Amino acid sequence: MGWNYDHAPYGERVHLSALQLDNLSKQVAHVVSSKDWRIVLPLFDQVQRADGPFEITPREAGPIANVLKLAACSPRMTEGWDTVAHRLADAADSAAKNREPWHWS
């Protein structure tokens, strides 16, 4: 199973497998502080536990975007995962700036 999320650049729908998201969560946890990890944890918990579509509120998406950008720019982030984190951050940021829910399906 995997997830599609909206608010990606140019209106494209992006798909990430459950394994990719699990691996990304481990990468992010490794490079951010525990305080920042607690901000993104609800997203990674949702993608692991949800059995159907869900939304992240715009209010939650903004801080998640900030942490994912921080992780993507970390010199400790494994190459390749930085790109995934950055794309996800851009989508979260777009949802927050447009004051729209960030849809996952």
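Scroll up to find the structure.
Note that this is a predicted model, so its numbers are computed, not measured.

A.B. asks: What is the right way to read the packing of aromatic side chains from this model?
C.D. replies: Aromatic rings in a pair are described by how distant their centres are and how their planes are angled relative to each other. Taken as a whole, this structure holds six aromatic pairs when the rule is applied. Their ring planes at 75° and their centres at 5.1 Å tell us that W3 and F54 sit as a pair that is edge-to-face. Of this pair, W3 sits in strand β1 (residues 2-5) while F54 sits in strand β3 (residues 54-56), and the two are 51 residues apart along the sequence. A residue is classified by how much of its surface remains accessible, and F54, at 9% relative accessible area, is buried. When the centroid spacing of 5.8 Å and the interplanar angle of 15° are considered together, the rings of W37 and F44 count as stacked. By relative accessible area, which is 3% here, F44 ends up buried.

A.B. asks: Is there a simple way to think about the packing of helix α2 (residues 34-49) against helix α3 (residues 58-73) in this case?
C.D. replies: Geometry of a packed helix pair, given as the angle between the helix axes and the separation of the axes. The interhelical angle for the contact between α2 and α3, taken along N-to-C directions, is 110°, at an axis separation of 9 Å. By the criterion of interaxial angle, the relationship of α2 to α3 is roughly perpendicular. Helix-helix and strand crossings are classified by hand; for α2 and α3 the assignment is left-handed. The segment α2 lies against α3, with D36, I39, V40, L43 and F44 engaging P63, I64, V67, L68 and L70. For the contact of α2 with α3, the class distribution of residues is nine nonpolar, no polar and one charged.

A.B. asks: Explanation requested: the pairing of strand β2 (residues 14-17) in the structure shown.
C.D. replies: Burial of β2 is one-sided: the residues V14 and L16 facing one way are buried, the residues H15 and S17 facing the other way are not. Sheet topology places β1 next to β2; four bridges connect them, and they run antiparallel. The residue bridging G2 from the neighbouring strand is S17, located in β2.

A.B. asks: Honestly, the side chain of D36 in this entry has me stumped. Any pointers?
C.D. replies: For D36, the location among the structural elements is in helix α2. It turns out D36 is buried and unbridged, and the closest side chain with the opposite charge, K35, is 6.1 Å from it.

A.B. asks: Is there a simple way to explain the side chain of D6 in this structure?
C.D. replies: Relative to the elements of secondary structure, D6 occurs in the loop between β1 and β2. By relative accessible area, D6 is classed as buried at 15%. Here the side chain of D6 touches H103 through a polar contact of 3.0 Å, landing on its backbone nitrogen.

A.B. asks: Could you clarify how one ought to interpret the environment of L88 in this entry?
C.D. replies: Tracing the chain through its elements places L88 in helix α4 (residues 81-97). Sequence separation of L88 and Y5 is 83 residues, and the distance between their C-alpha atoms is 8.7 Å. Not counting chain neighbours up to four residues away, the residues in contact with L88 comprise Y5, L16, L24, L43, L68, W102 and W104.

The rules we used
For every chain, the first residue of its written sequence is number 1, and the numbers climb from 1 along that sequence. For this predicted model, a pLDDT threshold of at least 70 governs which residues receive local features, and a threshold of 80 or more governs which side-chain atom pairs are given and counted, while totals over whole chains, interfaces and linings are taken from all residues. Excluding hydrogens and water, the side-chain values take into account all heavy atoms of the structure. Centre distance within 6.5 Å is the pairing criterion for rings of Phe, Tyr and Trp, where only the six-membered ring of Trp is used; planes under 30 degrees apart are then read as stacked, over 60 as edge-to-face, and the remainder as tilted. Secondary structure follows DSSP: runs of H or I at least 4 residues long count as helices, runs of E at least 2 residues long count as strands, and numbering of each begins at the N terminus. Using a 1.4 Å probe on the protein chains alone, a residue whose accessible area is under 20% of its type maximum counts as buried, one over 50% counts as exposed, and one in between counts as partly exposed. Interaxial angles span 0 to 180 degrees and are taken between N-to-C directions of axes, which are lines fitted to C-alpha atoms, for helices over the stretch in contact. Every angle not falling under 35 degrees, over 145, or within 65 to 115 is termed oblique; those three ranges are roughly parallel, roughly antiparallel and roughly perpendicular. In a left-handed crossing the near helix is turned counterclockwise from the far helix by less than a right angle, and in a right-handed crossing that turn is clockwise. Should any heavy atoms of two residues lie within 4.5 Å, those residues are counted as being in contact. For this classification, the nonpolar set comprises Ala, Val, Leu, Ile, Met, Phe, Trp, Tyr, Cys and Pro, the charged set comprises Asp, Glu, Lys and Arg, and every other residue, Gly included, is treated as polar. Criterion used throughout: strands pair if DSSP finds at least two bridges between them. Under the counting rule used here, the positive set is Lys and Arg, the negative set is Asp and Glu, and His together with the chain ends is not counted. Counted as salt bridges are all cases of a side-chain nitrogen of Lys or Arg within 4 Å of a carboxyl oxygen of Asp or Glu. As used in this structure description, the phrase polar contact means that two N or O atoms lie within 3.5 Å; if the pair is within protein, one of them must be able to donate a hydrogen and the other to accept it, and residues adjacent in sequence are counted only when both atoms belong to side chains.

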